[in-house]
Structure formats: structure tokens, C-alpha cells
Amino acid sequence: MSRFRGAEAFAASGDDWQLLPFRFERLNGRVLVTNMVGEHLVLSGEDFEVLATGELPADSDLVRRLRAKQVIKRSGERAPLSLLALKARTRHARLAESTGLHIFVVSLRCEHSCPYCQVSRQSEDRDRYDMTLATAERGLDMTFRSPSRSLKIEFQGGEPLLNFGLIEEVVRQAEVRNRDEGRDLGFVIASNLALLSDEVLDFCARHNIHISTSLDGPADLHNRNRPRPGRDSWERAVDGIRRVRETLGVDHISALMTTTKRSLDRVRDIIDTYVDLGLRGIFLRPLSPYGFAIKTKSYSAYDAERWIDFYREGLGYILELNRQGLDLTEYFSTVILRKMLTNVEPGYVDLMSPAGIGIGALVYNYDGSVYASDEGRMLAEMGDETFRLGHLEVDTYESIMTSEALLAPLEESFALSAPMCSDCAFETYCGSDPVYHYATSGDFLGRKSESDFCRRNMAIFKHLIDLYENDEFARRTFLSWAGR
Ligand code: SF4
């Protein structure tokens, strides 16, 4: 005897409406329903029951709500299918626009010695650990081979300002090439700002360069996290942020924090520091399992649950500050809210499926090696070259993008066909992150039931939906974040 009922058992009563593909998750007695492009609504247990059993009266208000979200359609209707197809195409339009972000690791040298550094920095030997002009020019060739209309070139390290002459040359050459190409071209320097000079600021002002920096919170926390000669990392970062704001404008600087064990009880202090400096947002992010974070055991110093508590408290405080009239954003939540509440795919590499590696970003290491992501490069510095896609001297954009080293993790990690993810109500908000899962479980897919990536993301999705549904102020704030 079959364990499954026949298809007729699932047909709508009276043939008035039919189910479209949807997924669901129970949330404190209510049920979250998401359609195949991530639009959501929350139903009472009783409403969900009548939907699932096909007993929903055709003239009920719930039918209107479910049709509006393309969870059901009237028999014979074609428009909802066309609408779903259009929304799905819009969401995946970015795939044809690969690769938008090109990261040049212009030096592996750094004068900081952060114990949780996710890169295996070097302190000496300029000749050995700096990118040469010839390598950078090949990186530019590869950058302009990608079909994306929008190209962002990001300079990273080590500390990229230690090889600032090369940054100047790459920017100049990219701008010259772009006169013919006409792409939407932008530049970012990811720097700790300790070496920021007037010369650097002047060049950034003339070439509209954005600065991304690291700020872990108040001085004592930041300086313990980020040792450097003189123990003045915080003072230099804060002075640098002020000078960038004055010279380039408030929109040309953003800061990232990393959560160490010492940060966990201090999320309010951390946020207050950002507010005091006039920064408009903060990215609450956990440590990643790469580089010195593994060697020094910083990564294993706290678990996913403890980080989720930190995030919840931080988001609650940010909303409290917004209630008091401050305009402050939490960036990770904003990426997710954009996926939940709009049809725009924000292109955040860790929350993409197919994964963002290669498609969303390529990394050109100082020595000419090409990696699928910055994390893939960090793994290579630890001795594992799984995500090395080739070398600028011998490979073309085409050979890189069709390499087995890229296609295998993309295919194997695809969330729509992954156990747990394919049934998960949050799949369209989530990603696959094959580098993280390879680093933590040894394969590109990972076991989601044991994955901290899954645990953290699922907790955040639930928390955001809970706030959105039950707190009118949070709802309005989230809508404004998602629309930015
Ligand atoms: S990783 Fe977890 S939260 Fe994300 S889609 Fe898969 S099962 Fe859902």
C-alpha cells in the first residue's frame, strides 16, 4: 500500500484555487509561509491547516492574501505563473552579470599582528610579499574580461597602503581602460588606516575611492584585539575615520567589526563607539574559521548560540537608538531584509546560491594566483589550495570561470538541491557558502544540521521575521533599511 495519497487528494475543493510551490516553518504557534521567490506571510495555525488540507473557502479573505503572495492561484489563471517567473528571473539576473568584485591583494605585509587575523600576514620582505605591476596589469586584463557592467576593484592585504604606489598605478590604468569600456567602475581600499597620509587622502579624493576599515569598538577592546607597535591602533583608526569623513565625505567610509570573546558582553559599548564617531551603520559579524583565527584558537572561543545572543542584543540596541531618533543601520540584517522584502538580490557573496564564489568575486593574490573568494585565499595560506582557480600568467577569464575548481563547489553546494535547504522556508534568503562548509566539515555542502552557518542564519531569519511581524516600529525601520 502506498504511503502517499494520490495527487487528487491535494487538489483544491470546488476546483477554485490551486497550490503553487511554497515552503513553511512553524514559529511560536504560527506558521511562516514563503513562496518560491521568497515573499512571505505568517499564518495562524488554523489558517495553515485549512490551506494544507485544501479546505480553504474560495471566498475567504485568506485566499486574497495567499494569491497576492503567489502561494495559491485560481484554477486556469496564467498570470501568477508569469509573475513568479519574472520575479525569479529578476532575482537571478546577477548570474549573467558575473563578476562584479575584483580583489587585488597588493601586499601580504602588515604592521599589525591581530591574533584573530583571517589572513596569514607577513611582516617583512617587500620583494617576496608585494604584488608587482606586471601581475597587477594581468589582474586588470582579467577584471575587464568579466561581462559585468559594474566593476568594483578592492585593494586588500595584509595592509594595502604598504604598497600604495601600486594602488595608484592600478587605479590610473583602470580609469584609462574604462574610457573605452564605459563600465560603472568603483574602487575600495580596505585598510586599518594606521598608515593613512595626506598623499593617500588626496589621491582617494581625486579618484572617488571608498575606504573600508576595521573598528572593533572602544579603545581598550580594539587595541587588545589589534596589537601594533605603539599600541595605538584605535587612535590611528579613529583619527583616520575623521580625516576620511572630512576629506572624502561621510559616505566614503565604512567600518567593520569582528566579534572576539572579549566583545561578547560589550555590544552596546561597541555600537556607542560607532555612533560617537558619526558612522551610520555597523556590521555585526562573527569570526571566520580561517588563518590566525584558527591558529590562535580565537575562532573556537565562543559558539554560534553565544554569537546569536550578541547579535540579538546589538540589533535590539540599534532599534532602541532609532526609536530615539538616530539613523543607524545594521548591515547584515539589511542584506537579509532586502532579500525578504524586495526583489533585489543584494549580491552579498556569503548569502548567494549558486554561491558567490567566482560569480560574485575573484581574488588576485600578490603572487598572481587567482582564488574563488577571499576566504579561499585564506585557506590557501593555511596550505589548502582547493579554491585556487589558476594563475594570472597562464589562465584566461574563460578558463578560470569554467575550471573544475570553481564549477564543482558551485554545483555541489547549490542550496535548492541540498538536503535540508531544499525544504527550508528560508532558502531564498540564505546562501550556500561552500568555502565555509569545506573549512569546517571537509566538503562543499556540509551537514546543515551541524553547521553554525545554518544555525546563525536561521536564528537571524526567525528573529527578523518575528520583529517585522510583531513590532510596528521595527517593521517601518526594516522597510526603510531594505529600500536603501
Ligand atoms: S543553510 Fe540552514 S537556514 Fe540556510 S537554507 Fe539551508 S537549512 Fe535553511
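Residues numbered from 1 in each chain as written. Predicted model: local features only at pLDDT ≥ 70, side-chain atom pairs only at ≥ 80, totals over all residues. Heavy atoms only, no water.

1. What to know about the nonpolar core
Counting 117 residues, the largest nonpolar core has Phe104, Phe155, Ile189, Leu215, Leu464 and Phe478 as the members making the most contacts within it. Looking at this core element by element, the count peaks at nine residues for helix α12 (residues 304-323). Ignoring any residue separated from it by four or fewer positions in sequence, one finds phenylalanine 104 in contact with Met131, Ala136, Gly139, Leu140, Thr143, Ile153, Glu154, Phe155, Gln156, Val170 and Tyr364. Residues Leu41, Leu43, Leu51 and Ile72 belong to the second largest nonpolar core, which totals 13 residues. (Core = buried A, V, L, I, M, F, W, Y, C linked by side-chain atoms within 4.5 Å. Buried < 20%, exposed > 50% of the residue type's maximum accessible area, 1.4 Å probe, protein only. Helix = DSSP H or I, 4+ residues; strand = E, 2+ residues; numbered from the N terminus. Contact = heavy atoms within 4.5 Å.)

2. Focus: the pairing of strand β10 (residues 253-256)
Of the two faces of β10, only one is covered, namely that formed by Ile253 and Ala255; the face formed by Ser254 and Leu256 stays uncovered. Of the strand pairs in this sheet, strand β9 (residues 209-214) and β10 are connected by four bridges, and their pairing is parallel. Directly across from serine 214, in β10, lies its bridge partner leucine 256. (Pairing = 2+ DSSP bridges.)

3. Some details on the sheet that holds strand β4 (residues 40-43)
What the three strands build is an open sheet, ordered β2-β3-β4; its pairing is antiparallel. The open sheet has two edge strands, β2 (22-27) and β4, and neither has a second partner. Adjacent strand axes in the sheet meet at a mean angle of 25°, parallel and antiparallel pairs treated alike. (Axes fitted to C-alpha atoms, helices over the stretch in contact; angles between N-to-C directions.)

4. Points about helix α19 (residues 472-482)
For α19, the set of buried residues is Phe473, Ala474, Thr477, Phe478, Trp481 and Ala482. On an axial view of α19, the arc spanned by its buried residues comes to 160°, and they lie on one face. Packing partners of the buried residues in α19 comprise α12, β12 (329-330), α13 (331-341) and α18 (452-470). The opening residue of α19, the one whose side-chain oxygen lies 3.0 Å from the backbone nitrogen of phenylalanine 473, is aspartate 471. (Arc of directions from axis to C-beta. Polar contact = N/O pair within 3.5 Å; in protein donor to acceptor, adjacent residues only side chain to side chain.)

5. A word on the side chain of arginine 23
Counting through the fold element by element, arginine 23 comes out in strand β2. Here the side chain of arginine 23 touches cysteine 424 through a polar contact of 3.4 Å, landing on its backbone oxygen. Here the side chain of arginine 23 touches glutamate 427 through a polar contact of 3.0 Å, side chain to side chain.

6. With respect to the domain arrangement of the protein
You can read the domains of the protein as domain 1 (7-91), domain 2 (98-401) and domain 3 (411-470). The centre of domain 1, based on its C-alpha atoms, is set 24 Å off from the matching centre of domain 3. Counting from both sides, the interface comprises 14 residues of domain 1 and, opposite them, 15 residues of domain 3. Between domain 1 and domain 3 the total buried area reaches about 1,100 Å² when both faces are included, carbon and sulfur atoms providing 54% of it. Ranking the residues of domain 1 by area buried against domain 3 places Arg23, Glu25 and His40 at the top, with a combined share of 45%. Scanning the region where domain 1 abuts domain 3 turns up two salt bridges. Its salt-bridge partner being glutamate 25, residue lysine 462 comes within 3.4 Å of it at the nearest N-O pair. For the pair domain 1 and domain 3, the number of links is seven residue pairs in polar contact (both at pLDDT 80 or more). Listing elements by their share of the side of domain 1 that touches domain 3, those giving two or more residues are β2, β3 (30-35) and β4. If one sorts the elements of the side of domain 1 that touches domain 3 by residue count, β2 sits on top with four residues. (Domains from an automatic or database assignment. Buried area = accessible area lost by both parts, 1.4 Å probe. Salt bridge = Lys/Arg side-chain N within 4 Å of Asp/Glu carboxyl O.)

7. Examining the site of the ligand
Every residue near the ligand is listed here: Cys421, Cys424, Glu427, Cys430, Lys448, Cys454 and Met458. Residue composition of the shell around the ligand, grouped by class: five nonpolar, no polar and two charged. (Near = heavy atom within 4 Å. Nonpolar A, V, L, I, M, F, W, Y, C, P; charged D, E, K, R; others polar.)

8. As for the pairing of strand β7 (residues 150-156)
By the criterion of burial, β7 is predominantly enclosed, with five of the seven residues buried. Bridge count for strand β6 (residues 101-105) against β7 is five bridges, and the pairing is parallel. Opposite histidine 102, over in β7, you have isoleucine 153 as the bridge partner. In the classification by handedness, the crossover that spans β7, the intervening helix α6 (residues 164-181) and the parallel strand β8 (residues 184-190) is right-handed. (Right-handed = clockwise from strand over helix to strand, strands pointing away.)

9. Details of the packing of aromatic side chains
Counted according to the given criterion, the structure contains 17 aromatic pairs. Where phenylalanine 104 meets phenylalanine 155, the ring centres are 6.1 Å apart and the plane angle is 50°; that geometry is what we call tilted. Of the two residues, phenylalanine 104 sits in strand β6 while phenylalanine 155 sits in strand β7, which places them 51 residues apart along the sequence. On the basis of relative accessibility, which here comes to 0%, the residue phenylalanine 104 falls in the buried class. The rings of Phe22, Phe24 and Phe48 are connected pair by pair, giving a single aromatic cluster. Sitting over the ring of tyrosine 468, arginine 475 keeps its end group 4.4 Å from the ring centre. (Phe/Tyr/Trp six-rings, centres within 6.5 Å; stacked < 30°, edge-to-face > 60°. Lys NZ or Arg CZ within 6 Å of the ring centre and 35° of its normal.)

10. As for the packing of α6 against helix α7 (residues 198-206)
Where α6 contacts α7, the axes come no closer than 12 Å and their chain directions differ by 10°. The angle between α6 and α7 falls in the class roughly parallel. Here α6 contributes Phe164, Glu168, Val171 and Arg172 to the contact with α7, which in turn contributes Glu199, Val200 and Phe203. (Parallel < 35°, antiparallel > 145°, perpendicular 65-115°, else oblique.)

11. Quick word on the sheet that holds β7
Pairing is mixed across the open sheet formed by eight strands, whose spatial order is β10-β9-β8-β7-β6-β13-β14-β15. Since the sheet does not close on itself, it has two edges, and those belong to β10 and β15 (388-391), each with one partner. On average, adjacent strands in this sheet sit at an angle of 25° to one another, irrespective of strand direction. Alignment of β8 against β9, held across four bridges, turns out to be parallel. Within β9, the residue paired with isoleucine 189 across the bridge is isoleucine 211. Sheet strands in contact with α6 are β6, β7, β8 and β9, and its direction is about 175° off that of β8. The sheet strands contacting helix α9 (residues 233-248) are β9 and β10, and the helix crosses β9 at an angle near 160°.

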